[in-house]
Amino acid sequence: MAGVLESVNQRTQLVGENRLELLLFRLNGKQVYGINVFKVKEVLQCPKLTSMPHSSPVVRGVAHIRGGTIPILDLGLATGDSPIENIDQCFVIITEYNRRIQGFLVKGVERIVNMNWSDIQPPPKGLSNDNYLTAVCQVEKEMVEIIDVEQILSEVAPTKQNISTGIVSEEFQTEAVKHHILIVDDSSVARKQIKRCMEDVGFATTVLCDGREAIDFLRNMADDGGDVTKEFSMIISGIEMPEMDGYTLTTEIRNDSRLQELFILLHTSLSGVFNEAMVKKVGADGFLAKFQPDELAKIAIEAIEKQVEAS
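Fair warning: this is a prediction, and the values are worked out from it, not measured in the lab. (Residues numbered from 1 in each chain as written. Predicted model: local features only at pLDDT ≥ 70, side-chain atom pairs only at ≥ 80, totals over all residues. Heavy atoms only, no water.)

A.B. asks: Lay out the overall build of the protein with the relevant residues and their values.
C.D. replies: Looking only at helices and strands, one finds 10 helices and 15 strands in the protein. In terms of principal-axis extent, the alpha carbons of the protein reach across some 65 × 45 × 40 Å. Buried positions account for 53% of the 311 residues belonging to the protein. Considering only contacts in the protein between residues 6 or more positions apart, those separated by 24 or more positions represent 64%. Total accessible area on the protein stands at roughly 14500 Å², and carbon and sulfur atoms take up 47% of it. Considering the protein, the positive charge centre built from 31 side chains and the negative charge centre built from 45 side chains are found 4 Å apart. (Helix = DSSP H or I, 4+ residues; strand = E, 2+ residues; numbered from the N terminus. Buried < 20%, exposed > 50% of the residue type's maximum accessible area, 1.4 Å probe, protein only. Contact = heavy atoms within 4.5 Å. Areas by Shrake-Rupley, 256 points an atom, 1.4 Å probe, with all protein chains shown as cover. Lys, Arg positive; Asp, Glu negative; His and termini not counted. Charge placed at Lys NZ, Arg CZ, Asp CG, Glu CD.)

A.B. asks: Please set out helix α10 (residues 293-310) residue by residue, giving values where relevant.
C.D. replies: For α10, built from 18 residues, the straight-helix expectation of 26 Å at 1.5 Å per residue is met to within 8% by its first-to-last C-alpha distance of 26 Å. Those residues of α10 lying buried are P293, D294, L296, A297, A300, I301, A303 and I304. Against α4 (170-176), α5 (188-201), β13 (234-238), β14 (264-267) and β15 (286-288) lie the buried residues of α10. One side-chain oxygen of the residue at the start of α10 lies 2.9 Å from the amide nitrogen of D294, identifying that residue as Q292. (Expected span 1.5 Å × (residues − 1). Polar contact = N/O pair within 3.5 Å; in protein donor to acceptor, adjacent residues only side chain to side chain.)

A.B. asks: Go over the nonpolar core with me, naming the residues and quoting the values.
C.D. replies: One finds L23, F25, I35, L75, F104, V106 and I147 to be the most contacted residues of the largest nonpolar core, which totals 38 residues. The leading source of residues in this core is strand β6 (residues 91-97), at 5 residues. If you look at the next biggest cluster of nonpolar residues, it comprises 27 residues, including V184, M221, M244 and I253. (Core = buried A, V, L, I, M, F, W, Y, C linked by side-chain atoms within 4.5 Å.)

A.B. asks: Describe the confidence of the model for the protein, and please don't skip the residues or the numbers.
C.D. replies: Of the residues in the protein, 90% have a pLDDT of 70 or more, and the chain-wide mean is 86. No element of the protein has a lower mean pLDDT than helix α1 (residues 2-9), which averages 44, and none a higher one than strand β11 (residues 180-184), which averages 98. This model gives residues 1-13 a pLDDT under 50, and the stretch forms 23 contacts once residues within four places in sequence are excluded. (pLDDT = per-residue confidence, 0-100.)

A.B. asks: Explain the pairing of strand β2 (residues 32-36) to me, and be specific about the residues and the numbers.
C.D. replies: Of all 5 residues in β2, 5 are buried; the element is thus mostly enclosed. Sheet analysis places strand β1 (residues 19-26) next to β2, joined by 5 bridges and oriented antiparallel. Counted as the bridge partner of L22 is N36 from β2. Following β1, the chain reverses through 5 residues before pairing antiparallel with β2. One ladder, built from 3 bridges, connects β2 with strand β10 (residues 142-147); its direction is parallel. Bridge pairing links G34 to I146 in β10. (Pairing = 2+ DSSP bridges.)

A.B. asks: Outline the packing of α5 against α10, listing residues and values.
C.D. replies: Packing of α5 against α10 leaves a shortest axis separation of 10 Å and a crossing angle of 55°. As summarised for this structure, α5 and α10 are arranged oblique, according to the angle between their axes. Where α5 crosses over α10, the handedness of that crossing is right-handed. Across the interface between the two elements, I194, C197, M198 and V201 from α5 touch P293, L296, A297, A300 and I301 from α10. For the contact of α5 with α10, the class distribution of residues is 9 nonpolar, no polar and no charged. (Axes fitted to C-alpha atoms, helices over the stretch in contact; angles between N-to-C directions. Parallel < 35°, antiparallel > 145°, perpendicular 65-115°, else oblique. Left-handed = near helix turned anticlockwise from the far one by under 90°. Nonpolar A, V, L, I, M, F, W, Y, C, P; charged D, E, K, R; others polar.)

A.B. asks: Give me the lowdown on the packing of helix α6 (residues 211-223) against helix α8 (residues 246-254), citing residues and values where you can.
C.D. replies: Direction vectors running N to C along α6 and α8 enclose 15°, while the axes themselves pass 9 Å from each other. When the axes of α6 and α8 are compared, the pair comes out roughly parallel. Remark: the crossing between α6 and α8 carries right-handed chirality. Across the interface between the two elements, G211, A214, I215, L218 and R219 of α6 pack against L249, E252 and I253 of α8. Taken together, the residues of the contact of α6 with α8 sort by class into 5 nonpolar, 1 polar and 2 charged.

A.B. asks: Quick rundown of the state of the cysteines? Include the residues and the values.
C.D. replies: Each disulfide is one covalent bond, formed between the sulfur atoms of two cysteines. Enumeration over the complete set of coordinates arrives at 0 disulfides. For the unlinked cysteine C46, the closest cysteine sulfur is that of C90, found at 6.9 Å. A relative accessible area of 9% means that C46 is categorised as buried. Taking the relative accessible area as the measure of exposure, C90 reaches 1% and is therefore buried. (Disulfide = S-S within 2.5 Å.)

A.B. asks: Got a sec to walk through the sheet that holds strand β5 (residues 68-74)? Specific residues and values, please.
C.D. replies: If you walk across this open sheet you meet the 5 strands as β3-β6-β7-β5-β4, and the pairing is mixed. Of all the strands in the sheet, the pair left with one neighbour each is β3 (40-45) and β4 (59-65). Here the average twist between neighbouring strands, direction ignored, is 30°. Pairing of β6 with strand β7 (residues 100-106) involves 7 bridges; the strand directions are antiparallel. Bridging across to β7, I93 finds its partner in F104.

See below:
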């Protein structure tokens, strides 16, 4: 366990190299699962839990850790499996998503592996629990399933989805219909959230699932003679994605003269460890550390208004 925690503390060195570290763990069976170490704050033996009345069955209780009270979610139950038993012999992975801290109860924690995002693939169709998977990969000839934590959290603790009244003026709605936004994210929950938010503003949207798909799409459009910078007023991209992450996607766009003027907004749920300097280094125009519809709408509106003024 000491080795796992040491590796967690070294996670930031992989930022921007299209690489990631996966913390491997098991739930009730032999299947191995993975979670990006960038999301992990701590791994510990399951502490004593206090039950929470009226909470979701997925929440096995709360733990008092380092002066804070943290909800502990059973990843077995959360993914449609049976609950994890003998929890005093199990482990908790403490994570931070969207500025919220929670623990995930797992049966056992194995090790950390260093991977390239190009080796991370979308889940094959037909997997029994594909609703809760964002990607898969091979580790020593064994398939590792990477859980879509955003999907789980959206079901257990839903967040605000709609834009507040007054954020979008009637005048801007008239302008918004002239603009097209490209949304890139591997999480189905994030794609739906961002798409709904942008369409509520009035924008047209196109949605793609990862950085590789996005760069191929944009280059094919340019190869066919299309003016990509006129077609899309903005790209909103996640950072963690299979095959090509958001940093690498941004770098590829900036290195292509036909694409380099595109406005790029990167977003991530990795609020606790995110390196904003990397956003500037790769040439992104903006960064959003948490899905918050009002904040996302304001950033998009301001960017489009500046483009209109400059044209």
